[in-house]
Amino acid sequence: IGVTYIFAGGKVMLGKIMDYYVIDWLPIYNFIVGIISVFFAIIIWKGSNIVLPVAIAILASHSTVMLVLLTAYRDVVAPDSIKAMTVRIVAWIIIIVLMIIQTRRDISITT
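Fair warning: this is a prediction, and the values are worked out from it, not measured in the lab.

### Side note on the overall build of the protein
- Across its full length, the protein carries four helices and zero strands.
- For the protein, the residues scored as buried account for 29% of the 111 residues in total.
- Within the protein, contacts between residues at least 6 apart in sequence are counted, and of these 69% link residues at least 24 apart.

### Structural notes on helix α3 (residues 51-71)
- Here α3 spans 30 Å end to end across 21 residues, near enough to the 30 Å set by a 1.5 Å rise per residue.
- All of the buried residues in α3 are Val51, Ala55, Ile58, Leu59, His62, Val65, Met66 and Leu69. Taken around the axis of α3, the buried residues stretch over an arc of 125°, which confines them to a single face. Exposed residues on α3 whose side chains face more than 90 degrees from its buried face are Pro53 and Leu67.

Thresholds applied
Residues numbered from 1 in each chain as written. Predicted model: local features only at pLDDT ≥ 70, side-chain atom pairs only at ≥ 80, totals over all residues. Heavy atoms only, no water. Helix = DSSP H or I, 4+ residues; strand = E, 2+ residues; numbered from the N terminus. Buried < 20%, exposed > 50% of the residue type's maximum accessible area, 1.4 Å probe, protein only. Contact = heavy atoms within 4.5 Å. Expected span 1.5 Å × (residues − 1). Arc of directions from axis to C-beta.

Structure follows, in structure tokens:
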């Protein structure tokens, strides 16, 4: 998921002209969160204890940006941006639910 954020934000930051209005800070946000998400995948792979809090922080970040887009930028935001943010929010909800299920399963196995 993170790699797609990097490409989405990176292309625009490198000067690709889009067919729609691009909110100045959104490609930068996409790029930065993409990098964080890639590091997050490494953290999951290594089984770190901070995995769930980081996932929740990323979901909160996406949710906050979505609220800003739907309120302050509702007249200018590209439909593709809303679709992409919706996919990201749903994906992170699924990731968090799976992590909680795994954590509960691990707890029940050890007890």
